[in-house]
Amino acid sequence: MYFIAVALLIDMIIMAVSGILISKTILTSVTARNTDFWTNIHISSAYLGLVLISVHIGVHWNSIMCAFRKMFKINIKVTGQDFLMTRQKKIRVNNRFCRRKV
């Protein structure tokens, strides 16, 4: 889980630096000699960032849904899948079991 967060951080730093280097309006005194290279790096890191963000959201999907249910007070009937989670600690939020990190 921390790997995804660290990879996202590094990817965002690469996007910011390459964006500044290829920019023609922000920090005009700092420019790169090979803008094609930095443009490709910028675009590639943007696509990688999209994939990493998607994986990050997927990993935390249960927590996100529990937070929204709690925030908007949504009551949902408990399904059989919730009763099968026996080894994880659970808290009950609005008729729905949500996993809690230990």
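Shown above is the structure to which this text applies.
Residues numbered from 1 in each chain as written. Predicted model: local features only at pLDDT ≥ 70, side-chain atom pairs only at ≥ 80, totals over all residues. Heavy atoms only, no water.

### Concerning the overall build of the chain
Phase 1: A tally of helices and strands in the chain yields four helices and two strands.
Phase 2: Residues classed as buried in the chain amount to 21% of the 102 residues present.
Phase 3: Counting contacts in the chain only where the partners sit at least 6 residues apart, residues at least 24 apart contribute 40% of the total.
Phase 4: Just so you have it, the chain exposes about 8,100 Å², and 66% of that area is on carbon and sulfur atoms. (Helix = DSSP H or I, 4+ residues; strand = E, 2+ residues; numbered from the N terminus. Buried < 20%, exposed > 50% of the residue type's maximum accessible area, 1.4 Å probe, protein only. Contact = heavy atoms within 4.5 Å. Areas by Shrake-Rupley, 256 points an atom, 1.4 Å probe, with all protein chains shown as cover.)

### What to know about the packing of helix α1 (residues 2-22) against helix α2 (residues 35-59)
Phase 1: Following both chains from N to C, one finds α1 and α2 inclined at 150 degrees, their axes separated by 8 Å at the closest point. In terms of orientation, α1 and α2 fall into the roughly antiparallel class. Crossing handedness for the pair α1 and α2: left-handed.
Phase 2: When grouped by side-chain class, the residues that make up the contact of α1 with α2 number 16 nonpolar, eight polar and one charged. (Axes fitted to C-alpha atoms, helices over the stretch in contact; angles between N-to-C directions. Parallel < 35°, antiparallel > 145°, perpendicular 65-115°, else oblique. Left-handed = near helix turned anticlockwise from the far one by under 90°. Nonpolar A, V, L, I, M, F, W, Y, C, P; charged D, E, K, R; others polar.)

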